[in-house]
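Descriptive structure summary
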Amino acid sequence: MKFIDFLLKNQKIVIYSYYKMVSAIIILEVGRRLFSQGEKVCVIHGDELMKYLEPDFPFECMESSKVLVYDPEDIPVPKSFLLLTTFDKKKKYEGSVTVDVNKVGQNLYVATSNCNFRFRIVKGKIEDVHISTLEENIISFLQEFGESTLKEISDIISSREKVGRDEVRRKLLELRAMGMIEINGTKVTLLNDDSRLHR
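Now for a quick tour of the structure. (Residues numbered from 1 in each chain as written. Predicted model: local features only at pLDDT ≥ 70, side-chain atom pairs only at ≥ 80, totals over all residues. Heavy atoms only, no water.)

1. A word on the sheet that holds strand 9 (residues 147-149)
This is how the line gets drawn: Pairs of strands are assigned from DSSP output, requiring at least two bridges between the strands. Secondary structure is summarised from DSSP: a helix means a run of H or I of at least four residues, a strand means a run of E of at least two, and numbering begins at the N terminus for each. To get an axis, fit a line to the C-alpha atoms, keeping to the stretch in contact for a helix; angles then go from 0 to 180 degrees between the N-to-C directions. The contact criterion used is simple: two residues touch if any of their non-hydrogen atoms lie within 4.5 Å.
On the basis of which strands lie adjacent, the open sheet formed by 3 strands has the order 9-11-10 and antiparallel pairing. Edge positions in the sheet fall to strand 9 and strand 10 (181-184), since each has one partner strand and no second. Within this sheet the neighbouring strands show an average axis-to-axis angle of 25°, counted without direction. Taken together, the 3 bridges between strand 9 and strand 11 (residues 187-190) define a ladder with antiparallel strand orientation. Within strand 11, the residue paired with S148 across the bridge is V188. Contacts from helix 5 (residues 150-161) reach strand 9, strand 10 and strand 11, with the element oriented near 90° to strand 9.

2. Quick notes on the packing of helix 5 against helix 6 (residues 165-177)
Convention followed: Note on angle classes: values under 35 degrees are labelled roughly parallel, values over 145 roughly antiparallel, values of 65 to 115 roughly perpendicular, and the remainder oblique. Two helices crossing with the near one rotated counterclockwise from the far one by less than a right angle form a left-handed crossing, whereas a clockwise rotation gives a right-handed crossing. The classification used treats Ala, Val, Leu, Ile, Met, Phe, Trp, Tyr, Cys and Pro as nonpolar, Asp, Glu, Lys and Arg as charged, and all other residues, Gly among them, as polar.
Where helix 5 meets helix 6, the axes come as close as 9 Å, and the angle between the chain directions of the two elements is 120°. When the interaxial angle is binned, helix 5 and helix 6 end up oblique. In the packing of helix 5 onto helix 6, the handedness of the crossing is right-handed. In this structure, helix 5 contributes L150, I153, S154, D155, I157 and S158 to the contact, and helix 6 contributes R165, V168, R169 and L172. Its residues placed into classes, the contact of helix 5 with helix 6 shows 5 nonpolar, 2 polar and 3 charged.

Written out as structure tokens, the structure is:
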């Protein structure tokens, strides 16, 4: 499933993101899709969003509209919204599905909820990035143990996944290039959310 499909499938989603441009693009992607399906779309705080991007569909706020909320700050939020973006993790919205968006590499973001999505921004649109099962298993291994050596990871993962050690090392280099892990000498560390935010 693609990230935007996941957002449209759920009702009342709150996205926590420090990246205003990414939040604006997500709101516009969801709004564009709803509009193409014949829905009327209301974007609350849309004037703030338009400082970053020009929408290519009309904002129509009426009772039947699907409500999207862009970084509301201190403005009132209706109870029945489809999607809300905010940087303030202290704000909680009853009955909502939460999604955390963090930057994990050069133009690479991860959206974490009950499942993970990785995406890039290409020409103002969300482009999903797929991670292989082998890469997911390397990340899971590092989540379990915190850090390890290149040799330990190559030996254990190649044995578990029945792939060559060179293939595991190649995937480690790809994960490093995406900003998901750090390799210092022979030591491999999974970058946590805090270290990712400051990259």
